[in-house]
Amino acid sequence: MTSHAHPIFTPQVTLVGAGPGDPELLTLKAVKAIASATVLMVDDLVHPDVLQHASPTARIIHVGKRGGCQSTPQAFIEKLMAQEALAGEKVVRLKGGDPLVFGRGGEEQQHLRAQGIAVEVINGITAGLAAAHDLGIALTHRAHAHGVLMITGHASPNPSTQRMPAIDWSLIARTAHECRLTLVVYMGVQTAAHLQQALLAGLPADTPVAVVENASLPSQRHATSQLDRLSGLFEREQLASPAVIIVGDVLQGLQKLNQADAPHSALQA
Ligand code: SAH
């Protein structure tokens, strides 16, 4: 008789990037992880069709929180994930875009690992890249940019960022200008007026800007203008979250294109 060693149980959570919206932008790895989950914890920017890949017996928990209104506190989400994983569930945490680009994925990973829970991460396409795709521009077009800076427009102090200095937007603006970096601002809808003011300290007023709302989805809308009209653009076009703001000369071609083709392409300000 052979004796089988009892397999050592390792609790595990998989943080899965659900991409920017379009469910066809899921990776094959994401689809496999979703299919094998017994518990799915889902953010609200995740497209509902993504859940078609889930097992019919999987438990689906929506833990979304939009903008300022926190429907499920982060501490509760982290506790629940750990609890389910320790109870032997195959937990998949579905997060919009890439799980570790903003959206607290880094904190969740740290918190879980600290409790001895293994964390696997599956990349997703982040919103900034989907936005650039929808505009038809290259964020790193070599005639205009040496690189890209992904940055949050919503750096409100909270316990985990207490020791972080506030963003120095005029330094960011000068650096973007002098080093030719494209800015991709996440979570900047609420702070657009402040961003405009602060960035004008280091970037020319006529620096092209674009706002892309609902990137990758049929409801996608975008508008282009220049930096000194950024907040006006939001008001005029009623652009709302989720949206990313792109700032930089890589948008130049797009603006020319829009001028030539205004009626049925991007909204103009
Ligand atoms: N992990 C996500 C980002 C989470 S932070 C990612 O990698 O994309 C949430 C912010 O992402 C929103 O405030 C918005 O700026 C941006 N965002 C998410 N989905 C978006 C979409 N479909 N279109 C435009 N911006 C989006």
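The residue count restarts for each chain, going from 1 along the sequence in the order it is written. Selection of residues for local features in this predicted model requires a pLDDT of at least 70, selection of side-chain atom pairs for listing and counting requires 80 or more, and totals for whole chains, interfaces and linings are taken over all residues. With hydrogens and water excluded, all non-hydrogen atoms of the structure serve as input to the side-chain values.

With reference to specific residues and values, describe the packing of helix α5 (residues 169–179) against helix α6 (residues 192–199).
Here, axes are lines fitted to C-alpha atoms. For helices the fit covers the stretch in contact, and angles between N-to-C directions go from 0 to 180 degrees. By the criteria applied, helices consist of DSSP H or I runs no shorter than four residues and strands consist of E runs no shorter than two, each listed in order from the N terminus. Packing of α5 against α6 brings their axes to within 8 Å, and their N-to-C directions diverge by 60 degrees. Relative to α6, α5 is oriented oblique. In terms of crossing hand, the pair formed by α5 and α6 is right-handed. Where α5 approaches α6, its residues Trp-169, Ser-170 and Ala-173 are matched on the opposing element by His-194, Leu-195, Ala-198 and Leu-199. Under this scheme an angle from 65 to 115 degrees is roughly perpendicular, one under 35 degrees roughly parallel, and one over 145 degrees roughly antiparallel; angles in between are oblique. In this scheme the handedness of a crossing depends on how the near helix is turned from the far one: anticlockwise by less than a right angle means left-handed, clockwise means right-handed. Whether two residues are in contact is decided by their heavy atoms: any pair within 4.5 Å suffices.

Explain the confidence of the model for the protein chain residue by residue, including any values.
What pLDDT conveys is the predictor's confidence in a given residue, as a value from 0 to 100. Averaged over all residues, the pLDDT of the protein chain is 90; the fraction at 70 or higher stands at 87%. Between residues 261–266, whose pLDDT stays under 50, and residues either more than four places distant or in other chains, the model counts 3 contacts.

Before we move on, can you summarise the sheet that holds strand β5 (residues 118–122) with the specific residues and values?
Across the sheet, 5 strands lie side by side as β3-β2-β4-β1-β5; this open sheet has parallel pairing. Looking along the sheet, the strands with just one partner apiece sit at the ends: β3 (59–62) and β5. Neighbour-to-neighbour, the strand axes of the sheet open up by a mean angle of 20 degrees, direction not taken into account. Strands are labelled as partners when DSSP assigns at least two bridges between them. Looking at chain direction, strand β2 (residues 39–42) and β3 are connected through 4 bridges and run parallel. Across the sheet, residue Val-39 finds its bridge partner in β3, namely Arg-59. Packed onto the sheet, helix α2 (residues 74–86) meets β1 (12–17), β2, β3 and β4 (91–95) and runs at close to 150 degrees relative to β4.

Break down the nonpolar core for me, citing the residues and quoting the values.
Nonpolar side chains in soluble globular proteins tend to end up buried together. Side-chain atoms within 4.5 Å are what join buried Ala, Val, Leu, Ile, Met, Phe, Trp, Tyr and Cys residues into a set we call a nonpolar core. Working definition: with a 1.4 Å probe on protein chains only, accessible area under 20% of the residue-type maximum means buried, over 50% means exposed, and in between means partly exposed. Formed by 24 residues in total, the largest nonpolar core has its most connected members in Leu-199, Leu-203, Val-211, Phe-234 and Ile-245. When residues of this core are traced back to their parent elements, those giving at least two are α5, β7 (181–186), α6, β8 (208–213), α7 (230–237) and β10 (243–247). Discounting residues that sit within four places of it in the chain, Phe-234 has contacts with Val-189, Ala-192, Val-211, Leu-239 and Ile-245.

Before we move on, could you go through the site of the ligand and cite the residues and values that matter?
Near residues are defined by distance, with any heavy atom within 4 Å of the molecule or strand qualifying the residue. What surrounds the ligand is a group of 17 residues, the closest being Val-101, Thr-126, Ala-127, Ala-215 and Ala-243. In this structure, Thr-126 approaches the ligand through a side-chain N or O atom, which is 2.6 Å from an oxygen atom. Polar contacts, as used here, are pairs of N or O atoms within 3.5 Å; protein pairs need one atom able to donate a hydrogen and one able to accept it. Residues neighboring in sequence count only if both atoms are side-chain atoms. Between the ligand and Ala-215 there is a distance of 2.8 Å, counted from a nitrogen atom to a backbone nitrogen or oxygen. Residue composition of the shell around the ligand, grouped by class: 12 nonpolar, 4 polar and 1 charged. Where each domain begins and ends follows an automated or database-derived domain assignment. The two domains that each donate at least three residues to the shell around the ligand are domain 1 (12–122) and domain 2 (127–262). Here the term charged refers only to Asp, Glu, Lys and Arg, the term nonpolar to Ala, Val, Leu, Ile, Met, Phe, Trp, Tyr, Cys and Pro, and the term polar to all other amino acids, Gly among them.

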